[in-house]
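# Remarks on the overall topology
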Amino acid sequence: MKTNKTRIINSFLYESLENKNKFNKCLFIKNTIYYTAYMLAMPIGGLIAQKLSIVTTYYITLIPAIIGLIVLFFLNENETNNAKNNDNITGKLEILKNGLKEIKKNSFIKTIIFTNAILLAVIKLVEESHPDYSIQIGIAEFQIGIYTSFILVFCIIGSYLGSKIKEKYHNIAIYLNPILTGICILLLGLLNNRIGILFLLIMYIFEESFDNIMLSKVHNSYRLNQE
C-alpha cells in the first residue's frame, strides 16, 4: 500500500522533527490519518460512482492532486542545496552517487533493501489476487469490500504496535516480522477457506509494524552516520 510519494513524505516528516526518536510515533499518527481517510474515501467514491459516474469520480480525485501540486510549488528549497544543485541532472547524479555509497558501507541498509523488496513483491501479489481467491471460496463481492476496508484497520494496528516496540527489540522485529508475514500467507493458501481471510488481515499487522520500525531504523542509521 505504499508508494514512492509516501516515502518522500516520510523523509520530509523525519527532517522536520526536532526529536528524531519520535519518528516512529509520528509515522503511526500519519498512517492513522492516511488509512482513516482511505476507509472513508472507498464508500464515498463508490456512492459517487453509483449516483453519477466513474468518470465523475475520476475528475473529483484530480482536485486533491491539483491542491498537492500547488502546495509543492510554493515549498521553499534550501538555499545551500540550490547553490549545489543548479544543474538538475548533476544534482540528481550526486544524490544517486551518495545513495550508492551509503548502501555500500551500511550492511543494515543492504539487508533492509533485500528483505523489503521481497516482502513488498509478495504482498503486492497477495493484494492483486485476494479478490479472486475470495470469490473462489464463496465470498460475495460486497463482503470482499467489507474485509478490504478492515485491512486498513489492521494496518493502523500494525503501525501502532511498531511504534510501541522498544528500540532494543527493533532488530529482532526487523527479522521476525517478515517471517510471520510469510507464515500468514502460507496459512492463507493452505486453509483455502473463509478462515484464511483472518490471516490475510493479520498479515498487515506484521507488514505495517515492519514498515514502521524499518523506516525509523533507516533514517536514524543515516543520521548517526552523518554525525
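The rules behind each value
Counting restarts for each chain: residues are numbered from 1 in the order of the written sequence. In keeping with the model being predicted, local features are shown solely for residues with a pLDDT of at least 70 and side-chain atom pairs are shown and tallied solely at 80 or more, while totals for entire chains, interfaces and linings include all residues. Excluding hydrogens and water, the side-chain figures rest on all heavy atoms present in the structure. Numbering of helices and strands starts at the N terminus; helices are DSSP runs of H or I of at least 4 residues and strands are runs of E of at least 2. Summary of the burial criterion: residues with accessible area below 20% of their type's maximum are buried, those above 50% are exposed, and those between are partly exposed, where the area comes from a 1.4 Å probe applied to protein chains only. Residue-level accessible areas treat just the shown protein chains as cover; the underlying method is Shrake-Rupley with a 1.4 Å probe. Each axis is a line fitted through C-alpha atoms, taken for helices only over the stretch in contact, and angles between the N-to-C directions span 0 to 180 degrees. When an angle is under 35 degrees it counts as roughly parallel; over 145 it counts as roughly antiparallel; between 65 and 115 it counts as roughly perpendicular; any other value is oblique. In this scheme the handedness of a crossing depends on how the near helix is turned from the far one: anticlockwise by less than a right angle means left-handed, clockwise means right-handed. Only heavy atoms matter for contacts: two residues are in contact if any of them lie within 4.5 Å across the pair. Note that Gly is not counted as nonpolar here; it falls among the polar residues with everything else outside the nonpolar set of Ala, Val, Leu, Ile, Met, Phe, Trp, Tyr, Cys and Pro and the charged set of Asp, Glu, Lys and Arg. Nine residue types can take part in a nonpolar core, namely buried Ala, Val, Leu, Ile, Met, Phe, Trp, Tyr and Cys, and a core is a set of them joined through side-chain atoms within 4.5 Å. Note that patches include only residues with greater than 30% relative accessible area and no salt bridge, and the join distances are 9 Å for like charges and 5 Å for nonpolar side chains (Val, Leu, Ile, Met, Phe, Trp, Tyr). Whenever Lys or Arg places a side-chain nitrogen within 4 Å of a carboxyl oxygen from Asp or Glu, that contact is recorded as a salt bridge. By this rule the span expected of a helix is its residue count minus one, scaled by 1.5 Å.

## Examining the overall build of the chain
Along the chain, the regular secondary structure elements total nine helices and zero strands. Secondary structure elements of the chain occur, N-terminal to C-terminal, as α-α-α-α-α-α-α-α-α. A total of 227 residues make up the chain; the buried ones form 33% of that total. Carbon together with sulfur atoms contributes 67% to the accessible area of the chain, which is approximately 14,900 Å² in total.

## Considerations on the packing of helix α6 (residues 107–136) against helix α7 (residues 141–164)
Interaxial distance between α6 and α7 falls to 10 Å at its minimum, and their mutual angle equals 135°. In terms of orientation, α6 lies oblique with respect to α7. At the point where α6 passes α7, the crossing takes the right-handed sense. Where α6 approaches α7, its residues H130, P131, S134 and I135 are matched on the opposing element by E141, I144, Y147, T148 and I151. Its residues assigned to classes, the contact of α6 with α7 comprises five nonpolar, three polar and one charged.

## Describing the nonpolar core
One finds F23, I197, L200, M203 and Y204 to be the most contacted residues of the largest nonpolar core, which totals 38 residues. Mapped onto this core, the elements with two or more residues apiece are α1 (4–16), α2 (23–51), α6, α7, α8 (170–191) and α9 (195–226). Considering every element that reaches this core, the biggest residue donor is α9, with ten residues. Apart from residues lying up to four places away in sequence, F23 is in contact with N10, L13, Y14, L17, L215, S216 and H219.

## Details of unusual backbone geometry
Within the chain, N192 stands out as a residue other than glycine whose phi angle is a positive 50°. Its place among the elements puts N192 in the loop between α8 and α9.

## As for a nonpolar patch on the surface
On the surface, V55, Y58, Y59, L62, I66, I70, F73 and F74 cluster together into a nonpolar patch covering about 900 Å² of accessible area. One can find Y59 in helix α3 (residues 54–73).

## Topic: α2
The first and last C-alpha atoms of α2 sit 42 Å apart over 29 residues, in line with the 42 Å expected at 1.5 Å per residue. Taken as a whole, α2 has its buried residues at F23, N24, C26, L27, F28, K30, N31, Y35 and G45.

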